[in-house]
Amino acid sequence: MKQNRIIKNVRIVTPLGHEARKGEAMRHLHTVEHGIIVIVDGVIEYAGEEKACPAELLALHTYEYTDGEGRVALPGFVDSHTHLVFGGYRPDEFSWRLKGDTYMSIMERGGGIQSTVNATRSCTADDMAAKARWFLRRMSEMGVTTVEAKSGYGLDLDTERRQLEAIRQLADDPSTGLNVVSTFLGAHAVPTEYKGRTSEYVDYLIAEMLPAFRDMARCCDVFCEKNVFEIEDSRRLLKAARDMGYSLKLHADEIVTLGGAELAAELGALSADHLLHVSDEGVRLMAEAGVVATLLPLTAFALKEPYAPARKFIEAGGAVALATDLNPGSCFSGSIPLTIALACIYMQMSIEETVTALTLNGAAALGMAAECGSLEKGKRGDVAILEFDNINYLPYYVGMNCVRTTIHAGRVVYDAPRPE
Ligand code: NIG
Ligand code: FE
C-alpha cells in the first residue's frame, strides 16, 4: 500500500548516500531546517527545504498531509538482524542465566536454540506469522520500517521452509507496515539428529536446503562459533551459498575469538554480526573489505558480556550498523530506544553515528542502501517523526520511545496517541 504524502514542517536529519557510510563519514548527517518531504507512490520525490520545493510537484498529484510541527524527521529505522519468527519462549533459561549459567552451557545441555527448534517444529507457517506480527507491530511503533528476519529454528527442510514461508507472508502483507527481508540460517545449530556429525549436516544444508530456498531468502547466515560451525564448515557453506547467488552474513566472534570476522572479509560478506570478541586483525580486514560490522548491544547487555568495539571499527575506517537481534534466547528484546542508549553510553558511539548505524548502514548490511535508509529522492518514503526537535533526545530519554509517527512507503503505520 503505497501513498502520496507530503510531510511538512519538519527538521530533516539524515545520512546521505546509496552505500554504507564508513569511518569518520558516519558522523555526517545532513540537516534541513523547515524541511518538506514529498512522497509519490511510496517513493521520495523531494526531501529538502520547503521554500525550494518545486511548485509543479505539489500541484501534480493529490496528497495526504502530515504536519511535523517542527519535529525531527529521520529515515525509518532498519533492524538488520532479528530472529523474530519462532515457536515457544525460553524464560526459564533467562532465570538460569541470572543464577550464573552461561548461554553456551545451556546450549550444550540441549537447551538454547535446540529447545526453540523443538517448539518451532510443531508450528504451522500461519502460527509463526501470527506471532511475529505482534513483534512487528511493536517495532513499527519504535520507527522501524525495514526488518530482517532469519530462519534457523527448523534445522530440517520442512520446518526451515515453513519459517521462510511465514517470513514471506509477513513480507507480502501490506498491513504489517514494514518491509520484511528474509535470511536463511539453517546453520544456526547442529540439530540433535546430527549430533557429532557437523560436517554431514553442512553437506545436507548445501545439497538440499540452499538450492530449495534460493527464491525464498536474500541472504545466507551461519552461527560461526567454537563448537557450533567452526571456520572450515562455515567457509564451505558460505562459498556454496555465494555460488548460488545468496548474499552472505555471519554470526561472528560472538562468544570467543575464532576468526569469523576474517572469514567475512575473505568471502566479501555483506556483514559480520555480534563481534564481541573480534581480533584487531579482523577489524582491519573487515574495514578494508567493506564488510559492515553489525553490532548488537542488547545481546551483550542481556548476556552480561562486554560490548563490541564500535570505536575500533569506526577508527579503522569501517562501517558500523546497529540492530536488535530480537530472539527468544540470548536477547528477547527488539528495543530500538535501548539499543540507541547502550550504543551511546557504553560503546562510545556519537548520536550521529548511532543514527547512521540504524538507518543507512543497516540498509547496507542487507544490500538495500539504494532503496532505503536515508531521506533523499528515489528512496522509499520511510520516515520516523520524533516527538522532539533534536536528535539528542534519542539517548537522553533512556530506553523510552521518542517516535511520534512512523510512515512506510508514504503510509502512516503508527501515530502515537496524543494526550487530551
Ligand atoms: O544471535 N547466537 C546465535 N543466535 C542468536 C541466538 C539465538 C537463540 O538463542 O535462540 C543470537 O544471539
Ligand atoms: Fe542473531
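One can find the structure itself at the top, above this paragraph.
These figures come from a predicted structure and were not determined experimentally.

### Considerations on the site of ligand 1
Within the structure, ligand 1 sits among 15 residues, and Arg90, Tyr103, Tyr153, His274 and Ser330 are positioned closest to it. Within the side chain of His83, an N or O atom sits 3.3 Å from an oxygen atom of ligand 1. Between Tyr103 and ligand 1, the recorded distance is 2.6 Å, taken from a side-chain N or O atom to an oxygen atom. When isolated, ligand 1 has an accessible area of 330 Å², and the protein chains bury 100% of it. For the shell around ligand 1, the class distribution of residues is 4 nonpolar, 8 polar and 3 charged.

### Here we look at the packing of helix H9 (residues 260–267) against helix H10 (residues 280–289)
In contact at an axis separation of 8 Å, H9 and H10 are set at 20 degrees when each is read in the N-to-C sense. Judged by the inter-axis angle, H9 sits roughly parallel to H10. Note that H9 runs across H10; the crossing there is left-handed. Contacts from Ala261, Glu262 and Ala265 in H9 reach Glu281, Gly282, Leu285, Met286 and Ala289 in H10. Taken together, the residues of the contact of H9 with H10 sort by class into 5 nonpolar, 1 polar and 2 charged.

### What to know about the coordination of the iron ion (ligand 2)
For the iron ion (ligand 2), every protein donor is listed as His81 (NE2), His83 (NE2), His251 (NE2) and Asp325 (OD), and the spread of their distances is 2.0 to 2.4 Å. Sequence spacing of the donors to the iron ion (ligand 2): H-x1-H-x167-H-x73-D. One end of the pair, His83, is in the loop between strand E6 (77–79) and helix H2 (91–98); the other, His251, is in strand E10 (residues 247–252), and 168 residues separate them in sequence.

### Points about helix H14 (residues 351–358)
Counting buried residues along H14, 7 of its 8 residues qualify, which places the element largely inside the surrounding structure. Considered for burial, the residues of H14 that qualify are Ile351, Glu353, Thr354, Val355, Thr356, Ala357 and Leu358.

The rules behind the values
- Residues numbered from 1 in each chain as written.
- Chains lettered and ligands numbered in written order.
- Predicted model: local features only at pLDDT ≥ 70, side-chain atom pairs only at ≥ 80, totals over all residues.
- Heavy atoms only, no water.
- Near = heavy atom within 4 Å.
- Polar contact = N/O pair within 3.5 Å; in protein donor to acceptor, adjacent residues only side chain to side chain.
- Areas by Shrake-Rupley, 256 points an atom, 1.4 Å probe, with all protein chains shown as cover.
- Nonpolar A, V, L, I, M, F, W, Y, C, P; charged D, E, K, R; others polar.
- Axes fitted to C-alpha atoms, helices over the stretch in contact; angles between N-to-C directions.
- Helix = DSSP H or I, 4+ residues; strand = E, 2+ residues; numbered from the N terminus.
- Parallel < 35°, antiparallel > 145°, perpendicular 65-115°, else oblique.
- Left-handed = near helix turned anticlockwise from the far one by under 90°.
- Contact = heavy atoms within 4.5 Å.
- Donors = N, O, S within 2.8 Å, 3.2 Å for Na, K, Ca; no water.
- Buried < 20%, exposed > 50% of the residue type's maximum accessible area, 1.4 Å probe, protein only.

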